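Observations on the model geometry
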Amino acid sequence: MGEHIIKLPDVGEGVAEAELVEWHVKVGDIVREDTVLAAVMTDKATVEIPSPVDGEIVWLGAEIGDTVAIGSPIVRLQVAGEGNVKPQGGANAEAVAAEPPAKLPTPNPESAAPTTKAQPKASVPEAKPAAAASKSSAKISVSGAPRPEGEKPLASPAVRLRAKEAGIDLRQVAGTGPAGRIGHEDIEAFLTRGPQVAKASGLARNDAVEDIKVVGLRRKIAEKMSLSKARIPHITYVEEIDVTALEELRAALNKEKRAGKAERPKLTLLPFLMRAMVKAISEQPQLNSLFDDEAGIIHQHGGIHIGIAAQTPSGLVVPVVKHAEARDIWDCGAEVVRLAEAAKSGTASRDELSGSTITITSLGAMGGVATTPVINHPEVAIIGVNKMMVRPVWDGTQFIPRKMMNLSSSFDHRVIDGWDAAVFIQRIKALLETPALIFVD
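Definitions and limits used
Residues numbered from 1 in each chain as written. Predicted model: local features only at pLDDT ≥ 70, side-chain atom pairs only at ≥ 80, totals over all residues. Heavy atoms only, no water. Pairing = 2+ DSSP bridges. Helix = DSSP H or I, 4+ residues; strand = E, 2+ residues; numbered from the N terminus. Core = buried A, V, L, I, M, F, W, Y, C linked by side-chain atoms within 4.5 Å. Buried < 20%, exposed > 50% of the residue type's maximum accessible area, 1.4 Å probe, protein only. Contact = heavy atoms within 4.5 Å. Axes fitted to C-alpha atoms, helices over the stretch in contact; angles between N-to-C directions. pLDDT = per-residue confidence, 0-100. Phe/Tyr/Trp six-rings, centres within 6.5 Å; stacked < 30°, edge-to-face > 60°. Parallel < 35°, antiparallel > 145°, perpendicular 65-115°, else oblique. Left-handed = near helix turned anticlockwise from the far one by under 90°. Nonpolar A, V, L, I, M, F, W, Y, C, P; charged D, E, K, R; others polar. Expected span 1.5 Å × (residues − 1). Polar contact = N/O pair within 3.5 Å; in protein donor to acceptor, adjacent residues only side chain to side chain. Lys, Arg positive; Asp, Glu negative; His and termini not counted. Salt bridge = Lys/Arg side-chain N within 4 Å of Asp/Glu carboxyl O.

Time to look at the sheet that holds strand β1 (residues 2-7). Sheet strands pair via backbone hydrogen bonds, and the direction of the pair is either parallel or antiparallel. Spatially, the four strands line up as an open sheet ordered β1-β8-β6-β3, and their pairing is antiparallel. At either margin of the open sheet sits one strand with a lone partner, and together these are β1 and β3 (30-31).

Now for the nonpolar core. Membership of the largest hydrophobic core comes to 45 residues, with the highest contact counts inside it found for Ile-306, Ile-360, Phe-424, Ile-428 and Leu-432. Looking at this core, the elements with two or more residues in it are α9 (244-255), α10 (269-283), β12 (306-312), α11 (329-345), β15 (358-362), β16 (381-394), β17 (399-412) and α12 (418-433). No other element matches the 10 residues that α10 contributes to this core. The contact partners of Ile-428, leaving out residues within four places of it in the chain, are Leu-273, Ala-276, Met-277, Ala-280 and Leu-407. Core analysis: the second largest hydrophobic core is formed by 18 residues, Ala-18, Val-31, Ala-38 and Ala-62 among them.

This part takes up the sheet that holds strand β4 (residues 36-42). The four strands lie next to each other as β5-β4-β2-β7, forming an open sheet whose pairing is antiparallel. The sheet terminates laterally at β5 (45-50) and β7 (67-69), the two strands that pair on one side only. Sheet twist, expressed as the average angle between the axes of neighbouring strands with direction ignored, equals 40 degrees. One ladder, built from six bridges, connects β4 with β5; its direction is antiparallel. When the sheet's bridge partners are listed, Met-41 is paired in β5 with Thr-46. Lying on the sheet, helix α8 (residues 216-231) is in contact with β2 (17-23), β4 and β7; it crosses β2 at an angle near 135 degrees.

Before going further, it helps to examine the side chain of Glu-247. Looking at where Glu-247 falls in the secondary structure, it is placed in helix α9. Residues within four places of Glu-247 in sequence aside, it is in contact with Met-388 and Lys-403.

Let us look at the confidence of the model for the chain. Atomic detail in the predicted coordinates should be set aside for any region of low pLDDT. Residues at a pLDDT of 70 or more form 81% of the chain, whose mean pLDDT is 82. Averaged over each element, pLDDT in the chain is lowest for helix α2 (residues 109-112) (38) and highest for α12 (98). Across residues 90-144, where pLDDT falls below 50, the model places 19 contacts with residues more than four positions away in sequence or in other chains.

So, on to the packing of aromatic side chains. Scanning the model with the defined rule gives two aromatic pairs in all. A ring pair is formed by Phe-411 and Phe-424, whose centres lie 6.4 Å apart and whose planes are at 90 degrees; its orientation type is edge-to-face. Pair noted here: Phe-411 is in strand β17 and Phe-424 is in helix α12, with a separation of 13 residues, a long-range link. Take Phe-411 and Phe-424: they sit in the same class, and that class is buried.

Two strands pair when backbone bridges link them, and β12 and β15 are joined in this way by four bridges, in the parallel orientation. Its bridge partner lying in β15, Ile-306 is registered against Ile-358. Examined bridge by bridge, β15 and β16 share four bridges and lie parallel to one another. Looking across to β16, one finds that Thr-361 is bridged to Gly-384.

Turning next to the packing of α10 against α12. Between α10 and α12, the least distance of the axes is 9 Å, while the angle of their chain directions is 135 degrees. Our classification of the angle between α10 and α12 gives oblique. Remark: the crossing between α10 and α12 carries right-handed chirality. When α10 is examined against α12, the residues Phe-272, Leu-273, Ala-276, Met-277, Lys-279, Ala-280, Ile-281 and Glu-283 are found in contact with a partner set consisting of Phe-424, Arg-427, Ile-428, Leu-431 and Leu-432. Looking at the contact of α10 with α12 residue by residue, the classes come out as 10 nonpolar, no polar and three charged.

This brings us to α11. Here α11 spans 25 Å end to end across 17 residues, near enough to the 24 Å set by a 1.5 Å rise per residue. Of all the residues in α11, the buried ones are Ile-329, Trp-330, Cys-332, Gly-333, Glu-335, Val-336, Leu-339, Ala-342 and Ala-343. Buried positions along α11 lie against α9, α10, β12, β13 (315-317) and β14 (320-321). Where α11 starts, the residue carrying a side-chain oxygen 3.1 Å from the main-chain nitrogen of Trp-330 turns out to be Asp-328. At the exit of α11 stands Gly-346, carrying a positive phi of roughly 80 degrees.

So, about the side chain of Glu-239. The residue Glu-239 is located in strand β9 (residues 234-242) in this model. In this structure, Glu-239 is buried with no salt-bridge partner, the nearest side chain bearing the opposite charge being Lys-429 at 4.4 Å. Engagement of the side chain of Glu-239 in a polar contact is seen with the side chain of Gln-426, the distance being 2.4 Å. What Glu-239 contacts, discounting residues up to four positions off in sequence, is Met-405, Asn-406, Leu-407, Ile-425, Gln-426 and Lys-429.

Below, the structure is given as structure tokens:
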């Protein structure tokens with residue numbers, strides 16, 4: 001038998017280290033060649049580490065959340081044959097030391113107690129007065145309500161206040177005072193056995209605290225959001241948009257069927273917003289910029305690469321529609337659908353998740369009336385889409401129902417002045433409220 005050490009491989013693109021986000025094996029597991037051992041994350045790309053050999057796991061070299069340098073040992077296996085390292089006396093000892101000690105079974109207090117002394121007490125129970133027995137049974141009853149349906153519990157104001165603060169329903173507390181009055185000692189007894197009683201009544205205290213380590217994509221999101229809020233002075237501008245005409249046009253385009261034409265994607269609001277942004281950016285190119293705050297340089301881009309913030313089972317990612325300025329509304333719609341599916345399935349590439357110059361964030365029907373979106377650092381603007389609602393709008397003579405939607409957008413105030421932000425959003429508003437203008441070059 002020999003030992004084989006697996007080191008963290010080079011995951012490409014000059015990456016020097018990676019974060020361990022998942023173990024698929026544990027010490028003692030038998031693995032085969034190509035069995036996935038672990039998953040590591042670099043930036044927003046997750047890479048699986050397979051086993052190159054058959055063997056038994058005897059040591060794991062990192063914990064979830066650890067940052068591991070490329071080339072560092074991460075797994076040691078016991079294999080048939082010589083393996084790739086010479087046997088060392090301390091290797092097995094290290095592996096054994098890494099395993100937690102076996103947990104001894106907790107002895108049962110009743111079975112551990114001497115029976116020769118306990119049995120005489122159990123066989124000759126003390127006689128109790130009837131009143132005392134009733135009082136005792138009231139204290140230990142844990143099934144059902146302790147009083148008939150509709151009967152109000154008797155308790156002093158102080159006891160009621162204490163029960164309220166503890167979240168206790170006094171109807172479920174057995175009173176041992178005169179006429180079943182509930183005292184402080186009854187509250188104490190209830191709290192001692194509270195979970196059993198509360199489970200039957202639907203009321204229960206929960207003092208559990210779960211520690212969840214922030215790793216992987218969630219840690220990347222936390223770091224980027226913290227960086228954005230720490231470095232960028234945000235200004236948020238909210239404007240109301242009448243999208244009634246836009247929704248009518250969108251519905252008509254989705255119903256249109258042209259003979260001989262390739263199947264077109266179903267259009268959502270986003271492609272229209274993207275085309276409106278392209279037109280507005282052509283008039284204010286400083287909105288399509290990245291601010292290098294270390295060098296004090298604004299990189300103003302000609303290509304408009306629109307990030308679409310998307311929620312996935314793993315967390316928030318931003319797939320990027322590259323060169324939106326060169327795409328028509330149908331091409332924008334198709335690319336949004338393709339990238340959204342890739343992001344949700346976890347198959348989006350590094351290139352598809354990077355390179356944005358301005359971002360759209362939308363929560364769809366759950367978008368709220370107004371939001372304060374966080375800029376996708378190092379960009380200088382983010383456009384937030386809120387939910388669409390039918391609202392009464394005054395047309396000069398009467399209130400009429402219109403489909404209204406707010407845009408809540410944030411800007412880097414170091415680069416974008418409030419006036420410029422307002423001009424940008426007002427231009428988008430004009431295009432969305434008169435959607436035919438979106439198609440005019």
